[in-house]
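# Coordinate analysis (summary)
Letter by letter, the chains look like this.
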Amino acid sequence: MIQIAPSILSADFARLGEEIHAVEAAGADLIHVDVMDGHFVPNLTIGPLVVEAIARVATKPLDVHLMIAPVEVYIPAFVKAGARILTIHAESTIHLDRALNLVRESGCQVGLALNPATPLCNLSSVLHLLDVVVVMSVNPGFGGQSFIPHALHRIKSIRRMITERGLNVSIEVDGGIKPDNIAEAAKAGADIFVAGSAVFSQPDYGAVIRTLRANASA
Ligand code: DX5
Ligand code: ZN
């Protein structure tokens, strides 16, 4: 099933509640929340307190993308704040198996993100622990960057790995997704699509989400 996950990183933070209601009314399936620490990535965004506030107004599941290191110590706080899918980065911990199990035991769906140059062999020992693999199609840290085309090869390889093992894991693509490249990402095997600037830069969120969904389904 195709799912569109607007990233609130490009929303108007002064009107965050309204922006979330607007994308939900416009057809968003998930609300993608980018958490950045100024250390793992060169930008700072929000913490558990704001995620908790978002959870109070959102009716769609929160897809929380942690770009922080260390990550393990903050997992419980983001679970408690209301994450439905909690994604951590493979590069953010040397105890990946432990961190993923911690997310699983907390009751959240488990996401694992890989930066654009991280070898896919990082997945082989943990793929069975995951609900979602997040393929970064930009170097994380900022909204509005261009899609890195090599991500398409990575999505294809991961889809093959999932199918070969008979697993039920979603592939989420994050970064630079627009109406004109979403079809390629869908064809490669992605089924969850993060879109930040593509949605929030448009006056009509409903129109752009409909176009993204239609192009991904074509
Ligand atoms: C990048 C973030 C993305 C970003 C996507 O570090 O993880 O979720 O907000 O924004 P766009 O769609 O504008 O590339
Ligand atoms: Zn993200």
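Everything that follows concerns the structure shown earlier in this document.
Summarised in this report is the structure supplied together with it. (Residues numbered from 1 in each chain as written. Chains lettered and ligands numbered in written order. Predicted model: local features only at pLDDT ≥ 70, side-chain atom pairs only at ≥ 80, totals over all residues. Heavy atoms only, no water.)

## Digging into the site of ligand 1
Around ligand 1, a shell composed of 20 residues is seen, among which G141, G144, D174, G196 and S197 lie nearest. A distance of 2.8 Å separates an oxygen atom of ligand 1 from a polar side-chain atom of D34. In this structure, H65 approaches ligand 1 through a side-chain N or O atom, which is 3.2 Å from an oxygen atom. Out of a free accessible area of 380 Å², ligand 1 has 100% covered by protein chains. When residues of the shell around ligand 1 are traced back to their parent elements, those giving at least two are β2 (31–36), β3 (62–67) and β8 (192–195). (Near = heavy atom within 4 Å. Polar contact = N/O pair within 3.5 Å; in protein donor to acceptor, adjacent residues only side chain to side chain. Areas by Shrake-Rupley, 256 points an atom, 1.4 Å probe, with all protein chains shown as cover. Helix = DSSP H or I, 4+ residues; strand = E, 2+ residues; numbered from the N terminus.)

## Some remarks on the pairing of strand β5 (residues 109–114)
Of all six residues making up β5, five are buried, and the element is well covered by its neighbours. Of the strand pairs in this sheet, strand β4 (residues 85–89) and β5 are connected by five bridges, and their pairing is parallel. Bridge pairing in β5 places T87 opposite G111. Across four bridges, β5 lies against strand β6 (residues 132–136) in parallel orientation. (Buried < 20%, exposed > 50% of the residue type's maximum accessible area, 1.4 Å probe, protein only. Pairing = 2+ DSSP bridges.)

## Quick look at the packing of aromatic side chains
Within the structure shown, the criterion is met by one aromatic pair. Seen in terms of ring centroids, F200 and Y205 are 5.2 Å apart; in terms of plane orientation they differ by 70°. Their pairing is edge-to-face. Take Y205: its relative accessible area is 14%, and that puts it in the buried class. (Phe/Tyr/Trp six-rings, centres within 6.5 Å; stacked < 30°, edge-to-face > 60°.)

## Here we look at the layout of surface pockets
For the largest pocket, the calculated volume is near 150 Å³. Together, M1, Q3, L30, P61, R84, I85, Q109, D131, V132, S170, D191 and I192 line the largest pocket. Residue classes in the lining of the largest pocket are distributed as six nonpolar, three polar and three charged. (1 Å grid on protein atoms, 1.4 Å probe; cavity = no way out; pocket = protein on both sides within 12 Å on 5 of 7 lines; lining within 4 Å. Points joined across faces, edges and corners; volume = space filled by probe spheres on them. Nonpolar A, V, L, I, M, F, W, Y, C, P; charged D, E, K, R; others polar.)

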